[in-house]
Amino acid sequence: MPARKGVPAAEWVEPVVAEVDASLPEFEQACDDESAWGPAKTVAAELARRGVDLTDRAAVGGALRELNAEGLSSSGRPAGGERDVAAAASATRPCSSRGAVLPPA
């Protein structure tokens, strides 16, 4: 049966899927490497650990004020402007594979 228009033939798709599957453990490990995280992901992860709803701007703002007061940013300094960090934290999504959210390390 010929491939439908716009849908690649299985001989092209199957090797790609196999390579993605083979790379998945390394990808998941890299996503869980907290030393490679940037400030937004580090702050978002800390807020999530504290149970903060990252979709609630007021909750994120309050939690960021607490973090700043505690001096828990990745640089050891306050995390910075609340608006910028709140927007970055709200936009941060966990690393994922095929739409499945990876579990925390």
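Residues numbered from 1 in each chain as written. Predicted model: local features only at pLDDT ≥ 70, side-chain atom pairs only at ≥ 80, totals over all residues. Heavy atoms only, no water.

Q: Just checking my understanding: could you explain the nonpolar core for this structure?
A: Most often, soluble globular proteins have nonpolar side chains that are buried together. Within the largest apolar cluster, 9 residues are counted, these being V43, A44, L47, V52, L54, V60, A63, L64 and L67. The element that contributes the greatest number of residues to this core is helix α3 (residues 57-70), accounting for 4 residues. (Core = buried A, V, L, I, M, F, W, Y, C linked by side-chain atoms within 4.5 Å. Buried < 20%, exposed > 50% of the residue type's maximum accessible area, 1.4 Å probe, protein only. Helix = DSSP H or I, 4+ residues; strand = E, 2+ residues; numbered from the N terminus.)

Q: For this particular structure, what's the right way to read a nonpolar patch on the surface?
A: A contiguous nonpolar surface patch, about 300 Å² in accessible area, is contributed by W12, V13 and V17. Inspection of the secondary structure puts W12 in helix α1 (residues 10-31). (Patch = residues over 30% accessible without salt bridge, like charges linked within 9 Å, V, L, I, M, F, W, Y side chains within 5 Å. Areas by Shrake-Rupley, 256 points an atom, 1.4 Å probe, with all protein chains shown as cover. Salt bridge = Lys/Arg side-chain N within 4 Å of Asp/Glu carboxyl O.)

Q: It is not clear to me how the pattern of salt bridges should be interpreted in this structure. Could you clarify?
A: Between side chains of opposite charge, a pair can form when the charged atoms approach closely. Enumeration over the complete set of coordinates arrives at 5 salt bridges. In this structure, E34 and R49 form a salt bridge, with 3.9 Å as the shortest nitrogen-oxygen distance. In this pair, E34 sits in the loop between α1 and α2 (39-49) while R49 sits in helix α2, placing the two residues 15 residues apart along the sequence. A relative accessible area of 42% means that E34 is categorised as partly exposed. Taking the shortest distance from any N to any O, the salt bridge between R50 and E70 comes out at 2.7 Å. One end of the pair, R50, is in the loop between α2 and α3; the other, E70, is in helix α3, and 20 residues separate them in sequence. Among the residues examined, E70 registers a relative accessible area of 43% and is labelled partly exposed.

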